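A structural walkthrough
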Amino acid sequence: MLASAGTALVGLMVTEAWGQAREGVVALWRRVRPADADAVGRDLDEARAELVEARTGAADGDATELELVGEWQRRLLRVLRDDPAAADELQRVLEAARGALPSETPSAGVQLQARAEGSARIYQAGRDMRVQEP
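Residues numbered from 1 in each chain as written. Predicted model: local features only at pLDDT ≥ 70, side-chain atom pairs only at ≥ 80, totals over all residues. Heavy atoms only, no water.

Here we come to the overall build of the protein. Within the protein one finds 5 helices and 0 strands. Mapped from its N terminus to its C terminus, the protein presents α and β elements in the order α-α-α-α-α. Sorting the 134 residues of the protein into buried and exposed places 33% on the buried side. Looking at the protein alone, contacts between residues at least 24 apart form 64% of all its contacts between residues at least 6 apart. For the protein, the computed accessible surface area is about 8700 Å², with 48% contributed by carbon and sulfur atoms. (Helix = DSSP H or I, 4+ residues; strand = E, 2+ residues; numbered from the N terminus. Buried < 20%, exposed > 50% of the residue type's maximum accessible area, 1.4 Å probe, protein only. Contact = heavy atoms within 4.5 Å. Areas by Shrake-Rupley, 256 points an atom, 1.4 Å probe, with all protein chains shown as cover.)

In structure tokens form, the structure reads like this:
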């Protein structure tokens, strides 16, 4: 559960459901470690900004994501050691945020068309796409 929670939390950082996930995690911290809740909120905001920058800039987004997953797995482990029952609450928070995301299946109304001539390249996706060329 913990490994997937860190991965899910970081994955949600770049989605429309981030606000919901963030507020749920901060609320959990506020209940278990109230003195640290505001700092955790700021740290989550900084982590999200770092991930967004890494994904859109020249930095290696995958490496940044892996580092953030490890960091938040460790932080979640520490808070869950203080209150093991909080694991269920964390799972509910992350599941609710993931449930707020649009379905992975494109709707029937989505239609992609493309034409290429000569040596042109076309890249199309119904969701996220990352293209790295030499």
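Still more to cover.
This part is about helix α4 (residues 61-82). An α-helix turns once per 3.6 residues; consequently, residues spaced three or four apart project the same way. Here α4 spans 32 Å end to end across 22 residues, near enough to the 32 Å set by a 1.5 Å rise per residue. Taken as a whole, α4 has its buried residues at G61, T64, E65, L68, V69, G70, W72, R75, L76, V79 and L80. (Expected span 1.5 Å × (residues − 1).)

In this section: the environment of L90. Structurally, L90 can be placed in helix α5 (residues 86-99). According to the relative accessible area criterion, L90 is buried, its value standing at 2%. Taking the C-alpha atoms as reference points, L90 and A21, separated by 69 residues in sequence, lie 9.5 Å from one another.

Residues E46, E50, E53, D60 and E67 make up a contiguous surface patch of negative charge. When residues of the negative patch are assigned to their parent elements, the largest contribution, 3 residues, is made by helix α3 (residues 37-56). (Patch = residues over 30% accessible without salt bridge, like charges linked within 9 Å, V, L, I, M, F, W, Y side chains within 5 Å. Salt bridge = Lys/Arg side-chain N within 4 Å of Asp/Glu carboxyl O. Lys, Arg positive; Asp, Glu negative; His and termini not counted. Charge placed at Lys NZ, Arg CZ, Asp CG, Glu CD.)

In this section: the pattern of salt bridges. Scanning all chains against the criterion turns up 9 salt bridges. Between R22 and D45 there is a salt bridge, with the nearest N and O atoms lying 2.7 Å from each other. On the criterion of sequence distance, the pair formed by R22 in helix α2 (residues 18-32) and D45 in helix α3 is long-range, its members being 23 residues apart. The exposure class of R22 is buried, given its relative accessible area of 16%. With a relative accessible area of 37%, D45 lands in the partly exposed category. The shortest N-O distance in the salt bridge between R75 and D43 comes to 2.8 Å. Here R75 is found in helix α4, whereas its partner D43 is found in helix α3, with 32 residues between them in sequence. Look at R75 and you get buried, because its relative accessible area is 15%.

On to the packing of α2 against α3. Direction vectors running N to C along α2 and α3 enclose 150°, while the axes themselves pass 8 Å from each other. Between α2 and α3, the angle is such that the two are roughly antiparallel. Remark: the crossing between α2 and α3 carries right-handed chirality. Residues W18, R22, V25, V26, W29 and R30 of α2 form the contact with α3, whose own contacting residues are A37, D38, V40, G41, R42, L44, D45 and R48. (Axes fitted to C-alpha atoms, helices over the stretch in contact; angles between N-to-C directions. Parallel < 35°, antiparallel > 145°, perpendicular 65-115°, else oblique. Left-handed = near helix turned anticlockwise from the far one by under 90°.)

Below, the discussion takes up the environment of A21. Mapped onto the elements of the fold, A21 is located in helix α2. Residue classification places A21 among the buried positions, given a relative accessible area of 0%. Sequence-wise, A21 and A100 are 79 residues apart; in three dimensions their C-alpha atoms are separated by 9.9 Å.

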